[in-house]
Amino acid sequence: MSHSQPEILVLPDRAALARLAAARFVSLAQNALRVDAKFSVALSGGSTPRDLYALLATHEFSSRVDWSQTHLFWSDERAVPPDNPDSNFKMANDTLISHVPIPPENVHRIHAEIAPDAAAAEYEAALGQFFSSSRKAGEPRSRVGADRTARSDWTPRFDLILLGLGPDAHTASLFPHTPALRETSHCVTAQYVEKLNTHRITFTPRLINAAGSIFFLVAGVDKADAVRAVLFGKYSPEDFPAQLVQPIQGKLTWLLDQAASSESPSNN
Ligand code: 6PG
């Protein structure tokens, strides 16, 4: 499996990081819609992407996105209802979705208010339905059925997946030494995260690595050690799960602020 080198971009601060991410989001959306009738994006949770989502909601950027053909998903979710302050859906809805003319049917929320395993299975089936309806000719046909991605070697291909990075080098809800790191049959899984004493629903490495583009958005000095370990340390994905992000054919871009990249040379 060949993996090209990631693009590493170091920006002066969070605001500059958000602006570049917004510009790249718009460019990917416009390019995707030249090829297909939909732009599929998986949003990240946490706090870092808030500035990006707020920028995308401004006229400067929102007016350049065809929201009628943009479909929003989540790369992970906390096992809470959508109105819970911890909900990744709530954060994106408050900062972006409620401010742009995106049709409700284009917002594909993880139903994290139901049992985590059921929420993961339901989301995986929903991905299979959504992406199989737009699969290009010639791609291997998946078998029909709710767990189509689980039973076939076909994996949905997002145009863009946004990811964050925790100080422990987790990404999405792929935490160190957890079963989801080793999940290869499914594209979405649920797991109990002992260190957080909570359940999470998450994309698996298989689904993430099938994407056309992946952006890591990482800011803050508290992430510098994790960035250095993931990008320049020994390959040890059980300890540094973000090392599992190696797109098969897609492009991987790290968007870092100076604080998070304090000791990481950039190649931009
Ligand atoms: C989540 C995210 C998680 C996040 C990192 C970084 O659900 O919290 O998916 O992977 O991206 O923990 O979070 P911050 O952006 O808040 O530092």
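Report follows, based on the coordinates. As the structure is a computational prediction, the values presented were derived from the model and not from experiment.

Here we look at empty space enclosed by the protein
Next up, step 1: Counted by the stated rule, this structure contains one cavity of 30 Å³ or more.
Next up, step 2: What lines the largest cavity is simply Arg14, Leu17, Ala18, Thr48, Asp51, Leu52, Leu217 and Ala219.
Next up, step 3: Contributions of two or more residues to the lining of the largest cavity are made by helix H1 (14-35) and helix H2 (50-56).
Next up, step 4: No other element matches H1, which puts three residues into the lining of the largest cavity.

Quick look at the nonpolar core
Next up, step 1: Grouped together as the largest cluster of nonpolar side chains are 82 residues, with contacts concentrated most on Trp74, Phe158, Leu165, Val188, Phe203 and Trp254.
Next up, step 2: Examining the composition of this core, we find that nine residues originate from one element, H1, more than from any other.

Points about the site of the ligand
Next up, step 1: Around the ligand lies a shell of 15 residues, among which Thr48, Asp76, Arg78, Ala172 and Lys223 are the nearest.
Next up, step 2: His170 has a polar side-chain atom sitting 2.8 Å from an oxygen atom of the ligand.
Next up, step 3: Between the ligand and the protein, one listed contact pairs an oxygen atom with a side-chain N or O atom of Arg200 at 3.4 Å.
Next up, step 4: The residue makeup of the shell around the ligand, split by class, is two nonpolar, nine polar and four charged.

Points about the sheet that holds strand S7 (residues 198-203)
Next up, step 1: The sheet built from three strands is open, its strands ordered S4-S7-S6 with antiparallel pairing. Two strands lie at the open edges of the sheet, namely strand S4 (76-78) and strand S6 (188-193), each paired on one side alone. For this sheet the average axis-to-axis angle between neighbouring strands, irrespective of direction, equals 20°.
Next up, step 2: Where S4 meets S7, three bridges bridge the pair, whose relative direction is antiparallel. Counterpart to Asp76 in the pairing with S7 is Thr202.
Next up, step 3: The strands touched by helix H5 (residues 116-132) within the sheet are S6 and S7, with S6 carrying the most contacts at an inclination of about 160°.

Let's talk about the pairing of strand S3 (residues 70-74)
Next up, step 1: Of all five residues in S3, five are buried; the element is thus mostly enclosed.
Next up, step 2: Residue alternation in S3 divides its side chains into two sets, Thr70, Leu72 and Trp74 and His71 and Phe73, and both sets are buried.

Analysis parameters
- Residues numbered from 1 in each chain as written.
- Predicted model: local features only at pLDDT ≥ 70, side-chain atom pairs only at ≥ 80, totals over all residues.
- Heavy atoms only, no water.
- 1 Å grid on protein atoms, 1.4 Å probe; cavity = no way out; pocket = protein on both sides within 12 Å on 5 of 7 lines; lining within 4 Å.
- Points joined across faces, edges and corners; volume = space filled by probe spheres on them.
- Helix = DSSP H or I, 4+ residues; strand = E, 2+ residues; numbered from the N terminus.
- Core = buried A, V, L, I, M, F, W, Y, C linked by side-chain atoms within 4.5 Å.
- Buried < 20%, exposed > 50% of the residue type's maximum accessible area, 1.4 Å probe, protein only.
- Near = heavy atom within 4 Å.
- Polar contact = N/O pair within 3.5 Å; in protein donor to acceptor, adjacent residues only side chain to side chain.
- Nonpolar A, V, L, I, M, F, W, Y, C, P; charged D, E, K, R; others polar.
- Pairing = 2+ DSSP bridges.
- Axes fitted to C-alpha atoms, helices over the stretch in contact; angles between N-to-C directions.
- Contact = heavy atoms within 4.5 Å.

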